[in-house]
Amino acid sequence: MSQSRQINVSKNGVPVTAIVALAIVFVAGLFVVGFDQGHIFSLVYGEEAFQDLYIHELTHDMRHAAGFPCH
Amino acid sequence: MKTFLFILIVIASGAAAGLIHGGLNLIFVEPSLDQAIGIENQHMFASGEEKDTPEFWIKYDGYRTWQKSGQVLAGGILGVSIGALFGIVFALSRNSLPGKTDIKKALVLAGIMWLTIYFIPFLKYPANPPTVGDPETIVLRGILYLVFIAISGFGAFGFYKLSQKLKTKKLVAIVGYAAFIGIAFVVMPENPDKITAPMDLVNNFRIMSAFTVSLYWLSLGVILGSLWHHYKPHKEIIPFN
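These numbers were taken from a predicted model, which means no experiment stands behind them.

Moving on, we come to the overall build of chain B. Assigned secondary structure in chain B consists of 7 helices and 0 strands. The N-to-C order of helical and strand elements in chain B reads α-α-α-α-α-α-α. Its C-alpha atoms give chain B principal-axis dimensions of roughly 75 × 45 × 25 Å. In chain B, buried positions account for 42% of the 241 residues. By sequence separation, contacts in chain B at least 24 residues apart represent 80% of the contacts at least 6 residues apart. Each charge sign in chain B was given a centre, from 20 positive and 15 negative side chains, and these centres are 24 Å apart.

Dropping the structure here:
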């Protein structure tokens, strides 16, 4: 039995799935380290997360060191 | 292209370069951060928000140790994130990048991306140590910084594509980008915060910060280029029937 499979590939031969997966990694990682002010944990802990700023505090030193705006 | 291998190489090189970055920051950037946070503590004592007691310092030291471990962890996360962008651009542009080996190609791209999405934005909005930023303006500063990075990155990409389409020399694209980013540099608003910390501390922090970020980009280029060279994820899998 013959089988035909179609894989989406961009014209450079780079699989679209890989590009999409890596683009998600890029945006999520950048947000966590550079910009989160309690947003991610607020999904679980609600308003409290905006007071605790757990991720902001944990990534604080790298946030400054890598040049992201902070305080 | 071998999809899984490609993603694995990109993530591994980003994580490795990011952990190097975080480790280097412990040595080169943390002294400035400690100094700046020391100034913040003095402000808190002066305003009566905190008291200069042994209990305060025990709590503070524990907290800073935790934050410094976060420096390395965040280095890994940021490394993977920026590495993912680098991997996408490298895979798409590998055939047109100059250089005979993958390491040279990766280093050329790392240099271009370092310049356009890190160093030029850094010159416009330089990194600041703690005590400098006003919490009220953090969203505005975040938007300005991101917008400028996007303008610079897409600008460089746009001028490259334009020169390809018009079949002009690469130098035309470089001059076009330089003029474009020069205008954006002047037009974009300044960082609204006033610097109240000693300028020596701020300058030292900025030099160290730029130094370790630059080493991150260098490591990323070398590691991704070497892994790519070794595992060749671009080679198609040849099916045998």
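Right, let's talk about the interface of chain B and chain A for a bit. Tallying the contact residues gives 50 residues for chain B and 34 residues for chain A. Summed over both sides, the interface of chain B with chain A buries roughly 3,400 Å², with 73% coming from carbon and sulfur. Linking chain B to chain A there are 1 salt bridge. For the interface between chain B and chain A, the tally reads 9 residue pairs in polar contact (both at pLDDT 80 or more). If you list the elements that add at least two residues to the side of chain B that touches chain A, you get α1 (3-28), α2 (30-47), α3 (54-93), α5 (138-165) and α7 (199-231) of chain B.

This part is about the layout of surface pockets. Over the atoms a probe the size of a water molecule is rolled, and this reveals where empty space is left. Counted as a void, the largest pocket has a volume near 1,600 Å³. Forming the boundary of the largest pocket are 47 residues, of which Val89(B), Met113(B), Thr116(B), Gly153(B) and Phe157(B) lie nearest the centre. At the level of secondary structure, the elements contributing two or more residues to the lining of the largest pocket comprise α1 (16-35) of chain A together with α1, α3, α4 (102-124), α5, α6 (170-187) and α7 of chain B. A per-element tally of the lining of the largest pocket places α5(B) first, with 11 residues. Considering only residue class, the lining of the largest pocket consists of 34 nonpolar, 10 polar and 3 charged. Computed from the structure, the second largest pocket encloses a volume of approximately 570 Å³.

Below, the discussion takes up empty space enclosed by the protein. Throughout the structure, instances matching the rule amount to 1 cavity of 30 Å³ or more. The calculated volume of the largest cavity comes to roughly 140 Å³. Along the wall of the largest cavity there are 14 residues; nearest its centre are Pro69(A), Pro126(B), Asn128(B), Arg141(B) and Asn191(B). Each residue belonging to the lining of the largest cavity can be placed in one class, and the counts come to 9 nonpolar, 4 polar and 1 charged.

Within chain B, residue pLDDT values average 95, and 98% of them lie at 70 or more. Per-element confidence in chain B is highest for α4(B), whose mean pLDDT is 98, and lowest for α5(B), whose mean pLDDT is 94.

Moving on, we get to a nonpolar patch on the surface. All names here are of chain A. On the surface, a nonpolar cluster with roughly 590 Å² of combined accessible area is contributed by Phe-41, Leu-43, Val-44, Tyr-45 and Tyr-54. Among the elements that make up the nonpolar patch, the one with the highest residue count is helix α2 (residues 39-45) (4 residues). Along the chain, the position of Tyr-45 falls in helix α2.

One way to put it is that α1(A) packs onto α1(B) with a least axis distance of 10 Å and a crossing angle of 25 degrees. Relative to α1(B), α1(A) is oriented roughly parallel. The interaxial crossing formed by α1(A) with α1(B) has right-handed handedness. Of α1(B), the residues touching α1(A) (which contributes Thr17(A), Ala18(A), Ala21(A), Leu22(A) and Val25(A)) are Thr3(B), Phe6(B), Ile7(B), Val10(B) and Ile11(B). Classifying every residue of the contact of α1(A) with α1(B) by side-chain character gives 8 nonpolar, 2 polar and no charged.

Definitions and limits used
The numbering scheme is per chain: residues are counted from 1 as the chain's sequence reads. Lettering for chains starts from A, numbering for ligands starts from 1, and both go in the order in which the items are written. Where local features are concerned, this predicted model is filtered to residues with pLDDT of at least 70; where side-chain atom pairs are given and counted, the filter is 80 or more; whole-chain, interface and lining totals use all residues. Side-chain descriptors were evaluated using all non-hydrogen atoms of the structure, hydrogens and water having been removed beforehand. Only runs of H or I of at least four residues qualify as helices and only runs of E of at least two qualify as strands under DSSP, and these elements are numbered from the N terminus. Relative accessibility thresholds used throughout: buried, under 20% of the residue-type maximum; exposed, over 50%; partly exposed, between the two (1.4 Å probe, protein chains only). By definition, residues are in contact when any of their heavy atoms lie within 4.5 Å. Charge counting follows a simple rule: Lys and Arg are positive, Asp and Glu are negative, and His as well as the terminal groups are ignored. The atoms used to mark charge sites are NZ of Lys, CZ of Arg, CG of Asp and CD of Glu. Accessible area that two parts lose when put together, with a 1.4 Å probe and added across both, is what the buried area reports. The term salt bridge refers to a pairing of a side-chain nitrogen on Lys or Arg with a carboxyl oxygen on Asp or Glu at a separation within 4 Å. Polar contact is the term for a pair of N or O atoms within 3.5 Å; when the atoms are in protein, one must be able to donate a hydrogen and the other to accept it, and sequence-neighboring residues count only if both atoms are side-chain atoms. Both cavities and pockets are sets of points on a 1 Å grid over the protein atoms alone; in a cavity a 1.4 Å probe fits but cannot get out, in a pocket the set is open with protein on both sides within 12 Å along at least five of seven lines, and lining residues sit with an atom within 4 Å of a point. Grid points are joined across faces, edges and corners, and a volume is the space filled by probe spheres set on the points. Only Asp, Glu, Lys and Arg are considered charged in this grouping, and only Ala, Val, Leu, Ile, Met, Phe, Trp, Tyr, Cys and Pro are considered nonpolar; every other residue, Gly among them, is considered polar. The predictor reports its confidence for every residue as pLDDT, a score running from 0 up to 100. Patches were defined on residues exceeding 30% relative accessible area and lacking a salt bridge, with like-charge contacts within 9 Å and nonpolar side-chain contacts (Val, Leu, Ile, Met, Phe, Trp, Tyr) within 5 Å. Computed with a 1.4 Å probe, the accessible areas rest on the Shrake-Rupley method; for each residue, only the protein chains presented here act as cover. Axis lines are fitted to C-alpha atoms, over the contacting stretch for helices. Their N-to-C directions set the angle, which ranges from 0 to 180 degrees. The cut-offs work like this: below 35 degrees is roughly parallel, past 145 is roughly antiparallel, 65 to 115 is roughly perpendicular, and the gaps in between are oblique. Crossings are classed by handedness, with left-handed meaning an anticlockwise turn of the near helix from the far one by less than a right angle and right-handed meaning a clockwise turn.

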